[in-house]
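Below, each chain spelled out in residue letters.
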Amino acid sequence: MLTLRRKNMLNDLKTSPDYISVETFIRKYSVSKRTVYYDISKINEWLRQYQLVPIQYSKISGYYLEEATVEKLSLELTNEEIIVTRFDAEERKFRTFLCLFFSNKAVTISRLEELNAVTKNTVLKDLKTLSSQEAIQLSVDKDGHYLKPESEKQTRKFLFRVIQYYAYRSHYGLDQILSVFDEFIVEAEAFRSDVTRCLAIIDQAKNKYAIVYTDEIRYLLSVFAGSINIRINTSLIENSLISEEQPQDESSEIKIAEQLLKTTESSELQFFETFLISGQLNGLRNRKRNTSIDKELFSITVRIVASFERLSGVYVNQKESFLEEFYSHLYGAYYRLIYDIPNINPILDQLKKEYQDIFTIAKLSVRSLEEYAKRKFSEDEIGFITVYFGGEIKNHVEKTEKKKVILVCASGIGTANLLSIQLTNEIPEINVVGPYSKEEFTLLEPSMNPIDLVLSTIYLETATNHPFMQIEPFLGIDQIKAIRKQLGTDITGYQIRHYMDGVLDIIESYATIHDEEKVRKELTNFIFNRTSVTAGGKPMLKDLLIEEHIQFLHSVSDWKEAIQLASEPLIQGKQIETRYVEKMIEDVEKFGPYVVIAPGVAIPHSRPENGVNQLGMSLLKLEEGVSFGEKGDVNLIFILATVDNSLHLKALAQLSEILSDETKTEELFKCENKQSIMDLIKEGGTEND
């Protein structure tokens, strides 16, 4: 694949009567020496594909093409036959930004035309998109375009997002990230050296300040710091100040920033401090919660987990360890939220599709933190929070007679859980244990036998006693096939697929299939009894809360009677036993009115083993509200009976969506008969899977 610049470089060599030096290419194309070397290597790869002799190099004179190669290029390969890399609109936007960011002078239209292999009109459109969509302010004069210093804060934040984009694409390999930046930085070697220096400083933070960063965050912060150091030395931002709130004076993060950045400007240091704080996704369990913010954030973490349990009917096991891990994530998420720092979720669309129910409930559960921060989480952040709860629900699923796979991941818990869930979904025949850090695996490995396979995103010297495979943080089809083959589950997986192909062929012979993907999923789950949090066939709200289970009363004596009466339809239908009602009341007496999930609305429930025979839901609507103590009066009492940790989630997610809509909630309170409630439920809960 040849970019336009590489195509032009090849054409230069083809038409030049003399050698071309490295310096000539550097001056002509405004790139670094490393970029010239990299481009030449890519051109040579392309030449070899056409069985042509590669570019030759003389230490004294420079580069040249052999005569036979020149002739064949002229005779056999027209310009149209040279494949030029095409960038989509998003990547063109990122490349245009990087060119502007790292340039110490205005950037011309012709430079951007050549950079992205597009026309002048497309360049102008890309510049407009950069300005309108990303709030990047641009100036233009007779020399070209440049970034306005007035929008420097937004410029830096967008830079961080761009680094995240390329880091994800390169699977968080530092050298791969730097190879992208080589194209835009003239002094590429100096930049690489500075990034290496920054990485060493960040690593020292563990011993000096007990601050730990994951591998991916270490690389992001190092490249970010190195990029800012180049920008600081650019005359185009002279006297530009970055106004930011100050987290803490003389914090450990400020001391790290002082070492990373080649400036003493307080606003620069305070700005970078926010990234250092928000990047601490791990290692916080050793952090003493001494400050009022630390204590409040942990208290909010507890409330969010409790809210999720109330809304989902799922109880978190090993709550203490889960709270610590979840607090570690929310600590960074809070600072990203208040400082508007981007955090790209690479599989957001997949999460929203496959975990729609958990995503919806997670979005409602984090309201206490949003209220504290006075800002709303982005869907990217909600996606990462969904992963934590999805991982917890996955851990509840019974795991018997499955292959034991140990997962070791150098990335943050969020990314590691994404990988764990992907493994479970793609290879349901395995029981994923972990994720563990390298240090945790080294310590625990002797006690983990038997182990069928160790999967790790980094090489493990200690894994040699077990079947071992190194994998990428985000699995591709080839790696999934390789894992199946290693485990001996390859045939089983493909048998399921081929079997279902045959089943669907038979169905299509006699009927029309309107949604093949959904039919395939539900039949697969039914035939092969595959249980997972993404299993199809979950009942909707209208399926659980049927008309016969809805009651209207004027008033009751107290909240205990409200729960008892609301449960009657489920008892009559033998979906629950009387001891389940007793346990719901006992739980409220023990833990307080946690069942009140919104003003005027309560969802009493308990664990399945406390007397649930069948999944179900009932509703008691009171004209006069009944007091639930500190939570106030309640008019709507929904009784929930769950049989596991996932089958009811779709219905609860739909109910939560209705209750999060003020208009629909008000309509629900005004309903005077069963039919009006059923109509509202059908209108508010639609199936999107």
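Residues numbered from 1 in each chain as written. Predicted model: local features only at pLDDT ≥ 70, side-chain atom pairs only at ≥ 80, totals over all residues. Heavy atoms only, no water.

### Considering the overall build of the protein chain
Counting its regular elements, the protein chain contains 30 helices and 13 strands. Burial status across the protein chain gives 53% buried among its 689 residues. Taking the intrachain contacts of the protein chain between residues at least 6 apart in sequence as the baseline, contacts between residues at least 24 apart amount to 71%. By element, 47% of the accessible surface of the protein chain is carried by carbon and sulfur atoms, the whole surface being about 31,900 Å². (Helix = DSSP H or I, 4+ residues; strand = E, 2+ residues; numbered from the N terminus. Buried < 20%, exposed > 50% of the residue type's maximum accessible area, 1.4 Å probe, protein only. Contact = heavy atoms within 4.5 Å. Areas by Shrake-Rupley, 256 points an atom, 1.4 Å probe, with all protein chains shown as cover.)

### What about the pattern of salt bridges?
All chains considered together, the criterion is met by 31 salt bridges. Here Lys560 ties to Glu589 by a salt bridge, and the two come within 2.7 Å at their closest N and O atoms. Taken together, the positions of Lys560 in helix α26 (residues 559-572) and Glu589 in helix α27 (residues 578-591) put the pair 29 residues apart, joining distant regions of the chain. Put simply, Glu666 and Lys670 hold a salt bridge, and the shortest N to O gap is 3.1 Å. With Glu666 and Lys670 both in helix α29 (residues 662-670), this residue pair falls 4 residues apart, about one helical turn. Owing to a relative accessible area of 46%, Glu666 belongs among the partly exposed residues under this scheme. The network of salt bridges with shared partners includes Arg5, Arg6, Asp39, Arg95 and Glu183. (Salt bridge = Lys/Arg side-chain N within 4 Å of Asp/Glu carboxyl O.)

### A closer look at the environment of Glu66
Turning to its location among the elements, Glu66 is positioned in the loop between β2 (62-64) and α4 (67-76). Taking relative accessible area as the criterion, Glu66 reaches 34% and is therefore assigned partly exposed. Residues Glu66 and Pro54, 12 residues apart in the sequence, show an inter-C-alpha distance of 8.3 Å. Apart from the residues lying within four places of it in its own chain, the contact partners of Glu66 are Val53 and Gln56.

### Describing the packing of helix α8 (residues 152-169) against helix α13 (residues 266-278)
Relative orientation of the contacting elements α8 and α13 amounts to 35°, with a least axis distance of 12 Å. Seen from above, α8 lies across α13 with right-handed handedness. Facing α8, whose interface residues are Lys153, Arg156, Lys157 and Phe160, α13 presents Glu268, Phe271 and Phe275. (Axes fitted to C-alpha atoms, helices over the stretch in contact; angles between N-to-C directions. Left-handed = near helix turned anticlockwise from the far one by under 90°.)

### What to know about the sheet that holds strand β6 (residues 430-436)
The parallel open sheet is built from 4 strands, whose spatial order is β6-β5-β7-β8. Of all the strands in the sheet, just β6 and β8 (468-470) have a single pairing partner and so form its edges. Sheet twist, expressed as the mean angle between neighbouring strand axes with direction ignored, is 20°. Strand direction decides the pairing type here: strand β5 (residues 403-408) and strand β7 (residues 453-456), joined by 4 bridges, are parallel. Its bridge partner lying in β7, Val408 is registered against Ser456. (Pairing = 2+ DSSP bridges.)

### Some points on the pairing of strand β13 (residues 633-641)
Of all 9 residues that make up β13, 8 are buried, and the element is covered over most of its length. Both strand β11 (residues 601-602) and β13 contribute to a ladder of 2 bridges, which runs parallel. Across the sheet, Ala602 pairs through a bridge with Ile637, a residue of β13. Where strand β12 (residues 616-627) meets β13, 8 bridges bridge the pair, whose relative direction is antiparallel. By the bridge assignment for β13, Lys621 is matched with Leu636. Counting the residues in the hairpin turn of β12 and β13 gives 5 residues, including Gly629, whose phi is positive at 70°.

### Notes on the packing of aromatic side chains
Here a ring pair, both rings aromatic, is described through the centre-centre distance and the interplanar angle of the planes. Inspection of every chain in the model, using the stated rule, returns 32 aromatic pairs. Seen from their ring centres, Phe160 and Phe224 are 5.1 Å apart, and the 70° between their planes marks the pair as edge-to-face. Residue Phe160 is located in helix α8, and its partner Phe224 is located in helix α11 (residues 215-232); the two are separated by 64 residues in the primary sequence. Every member of this aromatic cluster is reached through a ring pair, and the members are Phe94, Phe97, Phe101, Phe102, Phe158, Tyr165, Tyr166, Phe181 and Phe191. When the ring centre of Phe87 is taken as origin, the NZ or CZ atom of Arg95, which lies over that ring, is 4.0 Å away. Between the NZ or CZ atom of Arg231 and the centre of the ring of Phe101, over which it lies, the distance is 5.1 Å. (Phe/Tyr/Trp six-rings, centres within 6.5 Å; stacked < 30°, edge-to-face > 60°. Lys NZ or Arg CZ within 6 Å of the ring centre and 35° of its normal.)

### Thoughts on the pairing of β7
Burial along β7 is two-sided: Leu453 and Leu455 facing one way and Val454 and Ser456 facing the other are all buried. For β7 and β8, the ladder comprises 3 bridges, and the chain directions are parallel. Along β8, the bridge assignment pairs Val454 with Phe468.

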